Amino acid sequence: MGRTIAMIVAPLALIAALAWLTVEHLRLREEVRLSEQCTRAAPSASASIDACPIAVKDRIETARRADQCEAALAKSNLSAIRATCGASVKLVAAERDAARADLSDARDQLAAAGRDRDAAVTRAEARQSLHASRTAHNEMVIARAPIGADGRARCDDDCLRALADAAPRDRR
């Protein structure tokens, strides 16, 4: 009787194994088909990857976001950087933008300082020119003044008026 059971069970086990192998073969064939479909869809940003296994789908989405992030960085597109890039990339982009703003501000400050310096030089040159002309005028007035017995110039009323005309005016 043990032999009869073995004769019945052995073919049933063989049939069950063949059935399992057939189902497994069909499952693996479908998995290969989906993998090939994912492989074709991966390079295209618009192709659907919904049928891909979750692990593959995550990797494809990560690669797509990385490509979009690189494109956004190349164009310095702040909204695209915020939408597609990770936190560390956003931090580096923000630091880069802050450095650019600091550089621009420093350039503006240098330009303003240069303009202020040029204006100060112009004012100083004007003051020096006015001072030189007044000094020359005063020396000429003193040279025309009558000379006293002691050898010094004596400045009379006309001389004082001429000196006063060359003096700076009250700015009120």
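Check the entry above for the structure.
The sections below set out a description of the structure shown in this document.

**Description of the overall build of the protein**
In terms of regular secondary structure, the protein is built from five helices and zero strands. Counting from the amino terminus, helix and strand elements in the protein follow one another as α-α-α-α-α. Taken against the 2.2 N^0.38 rule, which gives 16 Å for 172 residues, the C-alpha radius of gyration of the protein at 48 Å runs more than 25% over that of a compact globule. Overall, the C-alpha framework of the protein stretches about 165 × 30 × 25 Å when taken along its three principal axes. Looking at the protein as a whole, 12% of its 172 residues qualify as buried. In the protein, once contacts between residues fewer than 6 apart in sequence are set aside, the share between residues at least 24 apart is 13%. Surface summary for the protein: the accessible area is close to 13700 Å², and the carbon and sulfur share equals 60%. Here the protein contributes 27 positively and 24 negatively charged side chains, and the mean placements of these two sets differ by 4 Å.

**Considering the pattern of salt bridges**
On inspection of all chains with the given rule, the structure shows six salt bridges. Through salt bridges with shared partners, one network takes in Glu24, Arg27 and Glu31.

**Examining a nonpolar patch on the surface**
Taken together, the side chains of Met1, Ile5, Ile8, Val9, Leu12 and Ile15 define a hydrophobic patch exposed on the protein surface, amounting to about 660 Å² of accessible area. Along the chain, Met1 turns up in the segment before helix 1 (2-41). Accessibility expressed as a relative area gives 76% for Met1, which makes it exposed.

Definitions and limits used
Residues numbered from 1 in each chain as written. Predicted model: local features only at pLDDT ≥ 70, side-chain atom pairs only at ≥ 80, totals over all residues. Heavy atoms only, no water. Helix = DSSP H or I, 4+ residues; strand = E, 2+ residues; numbered from the N terminus. Rg over C-alpha atoms; globule rule 2.2 N^0.38 Å. Buried < 20%, exposed > 50% of the residue type's maximum accessible area, 1.4 Å probe, protein only. Contact = heavy atoms within 4.5 Å. Areas by Shrake-Rupley, 256 points an atom, 1.4 Å probe, with all protein chains shown as cover. Lys, Arg positive; Asp, Glu negative; His and termini not counted. Charge placed at Lys NZ, Arg CZ, Asp CG, Glu CD. Salt bridge = Lys/Arg side-chain N within 4 Å of Asp/Glu carboxyl O. Patch = residues over 30% accessible without salt bridge, like charges linked within 9 Å, V, L, I, M, F, W, Y side chains within 5 Å.

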